[in-house]
Structures are given as structure tokens and as C-alpha cells.
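Below are the chains, spelled out letter by letter.
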Amino acid sequence: MFAADCWIVLDDVQFTRRDYQHRARLASTSHPDRHRWLSIPTHLPHGRSTVIRDAVLVDPERSRRRVMHMLAQHYGSCPDWPVLRHELDSVLVSSSNRTRPPM
């Protein structure tokens, strides 16, 4: 996202659990065929009809810690990790309980 020329936020569609809206697949740098899922617990105030922009994190502080821990575990040995970590710190610190960044 940081290197993209254009970034489009699709936040007015239904939030779908067990999809890439809700989780990300982290690949191992040493074993690309191995992967682990990173999911963040979310609350859908309007049930299944909740759109992405209305979904909220169940425990924002715990989610921030979990994201940073899992990313450090998977990518901490990469040469670019210090730069990525710096950028992640700034994004995670400024985040709210929303699943999308403020516009």
C-alpha cells in the first residue's frame, strides 16, 4: 500500500467473514509453501448485512499487538523489516477501533 500509485478503499460493500476482508495469509520467508492466517476479531453491529465501514474491532489494543507480533514473527528477519516496522508503528498507533482507515 505504501508504494502504490493509487489506493482504492472499497468500504461500502457487505463485510464477509472468512474472506480476505477479514483475514490475511502470511507466508513464511524461509518456507514460501507454509503460511498462517492472521484474523482480527470483529463485531458486526448490523449482523450479516454490516458494510465494511461499519465493522469494528472487538479489542483494538489486543488486535494491534497481535498484528505487530505476528508480522514480526514472520518478517522480522527480512532486510526491509526495520522500515516496514516503522511504518506499521505509525499506522497502528493512529488507528481507531474501525476496520478501515479514516478518509
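Details of the structure are given in the entry above.
Scoring rules and cut-offs
Starting from 1, residues in each chain are numbered consecutively following that chain's sequence as written. Local features in this predicted model are restricted to residues whose pLDDT is 70 or higher, and side-chain atom pairs enter the listing and the counts only when it is 80 or higher, whereas totals over whole chains, interfaces and linings include all residues. The basis for every side-chain value is the complete set of non-hydrogen atoms in the structure, without hydrogens or water. For every element, the axis is a line fit to its C-alpha atoms; helices are fit only across the contacting stretch, and the angle between N-to-C directions ranges from 0 to 180 degrees. A run of H or I in DSSP counts as a helix once it spans at least four residues, and a run of E counts as a strand once it spans at least two, with each numbered from the N terminus. By definition in this entry, angles of less than 35 degrees are roughly parallel, angles greater than 145 are roughly antiparallel, angles of 65 to 115 are roughly perpendicular, and the rest are oblique. Any two residues having at least one pair of non-hydrogen atoms within 4.5 Å are treated as being in contact. Centres within 6.5 Å are what make two rings of Phe, Tyr or Trp a pair, Trp counting through its six-membered ring; a difference in plane orientation under 30 degrees is then read as stacked, over 60 as edge-to-face, and the rest as tilted. A ring is scored as having a charge over it whenever the NZ atom of a lysine or the CZ atom of an arginine sits within 6 Å of its centre and within 35 degrees of its normal. Put simply, a nonpolar core is a bunch of buried Ala, Val, Leu, Ile, Met, Phe, Trp, Tyr and Cys residues held in one set by side-chain atoms that sit within 4.5 Å of each other. For every residue, the accessible area obtained with a 1.4 Å probe (protein chains only) is divided by the maximum for its type, and the residue is called buried under 20%, exposed over 50%, and partly exposed between those limits. One side-chain nitrogen of Lys or Arg within 4 Å of one carboxyl oxygen of Asp or Glu is enough to make a salt bridge. For a helix, the expected span equals 1.5 Å multiplied by the number of residues minus one. Regarding the arc, it is the one traced by the directions from the helix axis to the C-beta atoms.

1. A look at the packing of helix α1 (residues 60-75) against helix α2 (residues 81-93)
Part 1: Between α1 and α2, the least distance of the axes is 11 Å, while the angle of their chain directions is 175 degrees. As the angle between them shows, α1 and α2 are arranged roughly antiparallel. Mapping the contact onto sequence places R64, V67, M68, L71, A72 and Y75 in α1 and W81, R85, L88, D89 and L92 in α2.

2. With respect to the packing of aromatic side chains
Part 1: Counted by the stated rule, this structure contains zero aromatic pairs.
Part 2: Here the basic side chain of R23 rests over the ring of W37, its NZ or CZ set 4.1 Å away from the ring centre.

3. So, the nonpolar core
Part 1: In this structure, L26, L38, V67, M68, M70, L71, W81, L88 and L92 together form the largest nonpolar core, which totals nine residues.
Part 2: Only α1 and α2 provide two or more residues apiece to this core.
Part 3: Looking at which element gives the most residues to this core, the answer is α1, with four residues.
Part 4: Residue contacts for L92: discarding those within four places in its chain leaves R64, V67 and M68.

4. With respect to the environment of Y20
Part 1: Mapped onto the fold, Y20 is located in the segment before β1 (23-27).
Part 2: By relative accessible area, which is 57% here, Y20 ends up exposed.
Part 3: Between the C-alpha atom of Y20 and that of S39, which follows or precedes it by 19 residues, the distance is 9.3 Å.
Part 4: For Y20, the residues in contact, after removing those within four places along its chain, are R25 and W37.

5. Notes on the pattern of salt bridges
Part 1: Evaluated as defined, the whole model comprises three salt bridges.
Part 2: Here R64 and E61 are joined by a salt bridge, their closest N and O atoms 3.4 Å apart. Of this pair, R64 and E61 both sit in helix α1, three residues apart, which is roughly one turn of that helix.
Part 3: Look at E61 and you get partly exposed, because its relative accessible area is 42%.

6. Quick look at α2
Given 3.6 residues per turn, any residue in an α-helix points the same way as the ones three and four places further on.
Part 1: Here α2 spans 18 Å end to end across 13 residues, near enough to the 18 Å set by a 1.5 Å rise per residue.
Part 2: Of all the positions in α2, only W81, L88 and L92 are classed as buried. Looking straight down α2, one finds its buried side chains confined to an arc of 30 degrees; they lie on one side. For α2, exposure combined with an orientation more than 90 degrees from the buried face picks out P82, V83, H86 and V93.
Part 3: The elements touched by buried residues of α2 are α1.

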